[in-house]
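Coordinate analysis (summary)
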Amino acid sequence: MSNPATWDISRTALLTIDLQNDFIHPKGAYGRAGQAAESIADLPDRIAPLARALRARGGRYFSAQFTLVPDKDGEPLIAPHLKELRPFLGKGDFAPGSFGHALVDTLQPADFVIEKVAYSAFYQTRLEYLMRAVGIDHLIVGGIVTNGGVASTLRDAHLRNIETVILTDGCAAFKPEVHDATLLSLGTVTQQMSCADALALIEGTS
């Protein structure tokens, strides 16, 4: 893995995973079900300065957003294991074009929105195509949850020889011990930085 200090910032993108209203906003699906977590709610404010700084330096911002595709009756096409885990999910939740599916206001706008139907932002999406099309070689990754979408995306990037940084305080899990264990397990897959250190890197002050 190369030192991120050597990266061309104009060929680097911020990629956030699942920072959507249905996960974070009090009126979203998780908020209505009482499934909110303070560690997750704090992420957009921490990450937003990186998005602004990176775009100012010629980089890009990709938002990968979990999607439940509605069937013809409006009911979501939802995996059985997810329905068992999150029985409160129903019609309209995480539906494309809905309030809940949208990126949280604090992080708007993204340069590109990636609809995803599984953990990884690479699985059956246009992410890799867009990276190549706009000349992105490196990814700075944050979002939720550390042990789910974030870890899966980082491992998929590693398999594709795409170098990454995980924002250690720019991602979160529902349990802090799970977050910490996942960071440890990703030590050979990705570089690790705090949001403050990544911002300094982007701004050229590190």
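Residues numbered from 1 in each chain as written. Predicted model: local features only at pLDDT ≥ 70, side-chain atom pairs only at ≥ 80, totals over all residues. Heavy atoms only, no water.

When helices and strands are counted, the chain shows nine helices and six strands. With the principal axes as the frame, the chain shows a C-alpha extent of 50 × 35 × 30 Å. In the chain, buried positions account for 49% of the 206 residues. A sequence separation of at least 24 residues applies to 79% of the contacts in the chain between residues at least 6 apart. In the form shown here, the chain has an accessible surface area of approximately 9,600 Å², with 52% of it arising from carbon and sulfur atoms. (Helix = DSSP H or I, 4+ residues; strand = E, 2+ residues; numbered from the N terminus. Buried < 20%, exposed > 50% of the residue type's maximum accessible area, 1.4 Å probe, protein only. Contact = heavy atoms within 4.5 Å. Areas by Shrake-Rupley, 256 points an atom, 1.4 Å probe, with all protein chains shown as cover.)

Residues in a regular strand project their side chains so that they alternate between the two faces of the sheet. Within strand β4 (residues 138-144), seven of the seven residues are buried, which leaves the element mostly enclosed by the surrounding structure. Burial along β4 is two-sided: the face carrying His 138, Ile 140, Gly 142 and Ile 144 and the face carrying Leu 139, Val 141 and Gly 143 are both buried. Pairing of strand β1 (residues 12-17) with β4 involves six bridges; the strand directions are parallel. Directly across from Ile 17, in β4, lies its bridge partner Gly 143. Inspection of the sheet shows β4 paired to strand β5 (residues 163-172) by six bridges, in the parallel sense. Each bridged residue has a counterpart across the sheet, and for Val 141 the counterpart in β5 is Ile 166. Taken together, β4, helix α7 (residues 146-159) and β5 form a β-α-β motif whose crossover is right-handed. (Pairing = 2+ DSSP bridges. Right-handed = clockwise from strand over helix to strand, strands pointing away.)

In this structure, Pro 109 follows Gln 108 across a cis peptide bond, with omega equal to -10°. Position of Pro 109 among the secondary structure elements: in the loop between α5 (80-85) and β3 (112-116). Following Ile 144, the chain continues to Val 145 via a peptide bond in cis, the omega torsion being -20°. Here Val 145 shows up in the loop between β4 and α7. One non-glycine residue, Gln 124, lies in positive phi territory at about 55°. Topologically, Gln 124 is positioned in the loop between β3 and α6 (127-134).

A complete count under the given rule lists zero disulfides for this structure. In this structure Cys 195 is not part of a disulfide, and its nearest cysteine sulfur, from Cys 171, lies 8.4 Å away. (Disulfide = S-S within 2.5 Å.)

Let us look at the UniProt feature "domain: Isochorismatase-like" (unreviewed entry) in the chain. Summarizing the sequence annotation, UniProt attributes the feature "domain: Isochorismatase-like" (unreviewed entry) to residues 12-186 in the numbering used throughout. The span residues 12-186 is 37% helical and 20% strand by assignment, and the distance between its end C-alpha atoms comes to 20 Å. (UniProt positions renumbered as here; feature names shortened; annotations may be inferred.)

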